[in-house]
Amino acid sequence: RENFTKAASFRSRYRLKGMLDEQGRAAMGLDMPPFTSDWLEGPVGVDAVATLQPSGRGEASLKLDLTPAKLKLSPVNFTKETGEKGSGDVLLTFSRKGLAAVPRIQLSAEGLNLAGGVQFAGEGGALRRVDITKLRAGRSDATGSLNLDPSGRIHVDVRGDALDASALLEDDGAPPDHKAPPMT
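A quick note: this is a predicted structure, and the numbers were derived from the prediction, not measured.

A. Geometry of the overall build of the chain. A count of helical and extended segments in the chain gives 2 helices and 12 strands. Order of helices (α) and strands (β) in the chain, N terminus to C terminus: β-α-β-β-β-β-β-β-β-β-β-β-β-α. The buried share among the 184 residues of the chain stands at 31%. Partitioning the intrachain contacts of the chain with sequence separation of at least 6 by distance along the chain shows that 39% fall at a separation of at least 24. Split by element, the accessible area of the chain, about 11700 Å² in all, is 57% carbon and sulfur.

What follows is the structure in structure tokens.
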């Protein structure tokens with residue numbers, strides 16, 4: 001839908017509905033985690049509504065059907081298999097320069113309830129912060145944040161009753177003198 005009057009509440013609104021597979025995600029530039037095959041395999045049903053303002057700012061609300069896809073959250077040792085019911089609700093905000101924020105991410109499946117958001121360094125900038133306001137996945141029940149400061153350091157804060165990070169702590173197969181230092 002296009003509005004041509006100055007008094008309109010938005011300039012353009014588009015509704016897109018379909019399936020997005022690995023090739024489609026790559027064609028849209030979604031070739032980084034969590035869209036890569038080590039996190040997500042198979043098609044995802046997408047029902048998106050994108051609204052653009054005359055300023056070039058906008059937002060896209062996405063309802064996702066994750067049922068046909070395999071979802072792997074390795075950092076918390078959780079996998080949703082293909083065919084198991086799953087859904088998502090994501091809100092993206094953007095400007096003419098690119099993605100500005102992901103203020104809402106909600107994923108649900110059997111054994112999974114995740115909510116959070118993502119912030120970038122300015123419009124179209126690098127990833128700055130990931131907030132997880134709710135994480136119930138398998139044996140994990142936590143909240144937390146990951147901050148990337150301008151110097152490149154990563155600050156992680158995790159709180160809650162349990163965090164199953166066993167997959168992160170497994171032997172990586174590297175020779176003993178090349179293993180990561182122990183986590184404390």
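B. Highlighting the environment of leucine 146. One can find leucine 146 in strand E11 (residues 140-148). Accessibility expressed as a relative area gives 28% for leucine 146, which makes it partly exposed. Taking the C-alpha atoms as reference points, leucine 146 and arginine 128, separated by 18 residues in sequence, lie 8.2 Å from one another. Contact partners of leucine 146, with chain neighbours within four places excluded, come to Arg128, Arg129, Val130, Ile154, His155 and Val156.

C. Looking closely at the sheet that holds E11. Here we have 9 strands laid out as an open sheet, ordered E1-E3-E4-E7-E8-E9-E10-E11-E12, and antiparallel in their pairing. Each having just a single partner strand, strand E1 (12-20) and strand E12 (154-162) make up the two edges of the open sheet. In this sheet, neighbouring strand axes are inclined to one another by 10° on average, regardless of whether the strands run parallel or antiparallel. As paired elements, E11 and E12 share 8 bridges and run antiparallel to each other. Note that in E12 the partner of leucine 148 across the bridge is isoleucine 154.

D. Quick look at unusual backbone geometry. At asparagine 77, a position not held by glycine, the phi torsion is positive, near 55°. Relative to the helices and strands, asparagine 77 resides in the loop between strand E5 (70-73) and strand E6 (78-80). A relative accessible area of 41% places asparagine 77 in the partly exposed class.

E. The arrangement of the sheet that holds E5 in detail. Within the open sheet, the 3 strands sit side by side as E2-E5-E6. Their pairing is antiparallel. Two strands close off the open sheet at either side, each with one partner strand: strand E2 (40-41) and E6.

F. View of the pattern of salt bridges. Tallying each qualifying case throughout the model produces 10 salt bridges. The partner of glutamate 81 in a salt bridge is lysine 70, and the shortest N-O contact between them spans 3.8 Å. Separated by 11 residues along the polypeptide, glutamate 81 in the loop between E6 and strand E7 (86-95) and lysine 70 in strand E5 bring together distant segments of the chain. Salt bridges linked by common partners bring Lys63, Asp89 and Arg104 together as one network.

G. Fine view of the nonpolar core. Membership of the largest hydrophobic core comes to 26 residues, with the highest contact counts inside it found for Val44, Val46, Leu62, Leu64, Leu71 and Leu112. Contributions of two or more residues to this core are made by strand E3 (44-52), strand E4 (58-65), E5, E7, strand E8 (98-109), strand E9 (112-120) and strand E10 (127-137). Top contributing element to this core by residue count: E3, with 5 residues. Setting aside its immediate chain neighbours within four residues, leucine 112 contacts Leu71, Leu73, Phe78, Leu107, Arg136 and Ala137.

Thresholds applied
- Numbers given for residues are sequential positions, taken from 1 along each chain in its written order.
- In keeping with the predicted nature of the model, local features appear solely for residues at pLDDT of at least 70, side-chain atom pairs appear and are counted solely at 80 or more, and the whole-chain, interface and lining totals rest on all residues.
- Hydrogen atoms and water are omitted, and side-chain values are computed over all heavy atoms in the structure.
- For the purposes of this entry, the term helix denotes a DSSP run of H or I that reaches at least four residues, the term strand denotes a run of E that reaches at least two, and both are numbered from the N terminus.
- We call a residue buried when its accessible area falls under 20% of the maximum for its residue type, exposed when it is over 50%, and partly exposed in between, using a 1.4 Å probe and counting protein chains only.
- Contacts: residue pairs with any heavy atoms within 4.5 Å of one another.
- A 1.4 Å probe and the Shrake-Rupley method give the accessible areas. Residues count as covered only by the protein chains that appear here.
- Strand pairing is assigned whenever DSSP detects at least two bridges linking the two strands.
- Note on definitions: angles span 0 to 180 degrees between N-to-C directions of axes, and those axes are lines fitted to C-alpha atoms, for helices only across the stretch in contact.
- Salt-bridge detection follows one rule: a side-chain nitrogen of Lys or Arg within 4 Å of a carboxyl oxygen of Asp or Glu.
- To form a nonpolar core, buried Ala, Val, Leu, Ile, Met, Phe, Trp, Tyr and Cys residues must be joined to one another through side-chain atoms within 4.5 Å.

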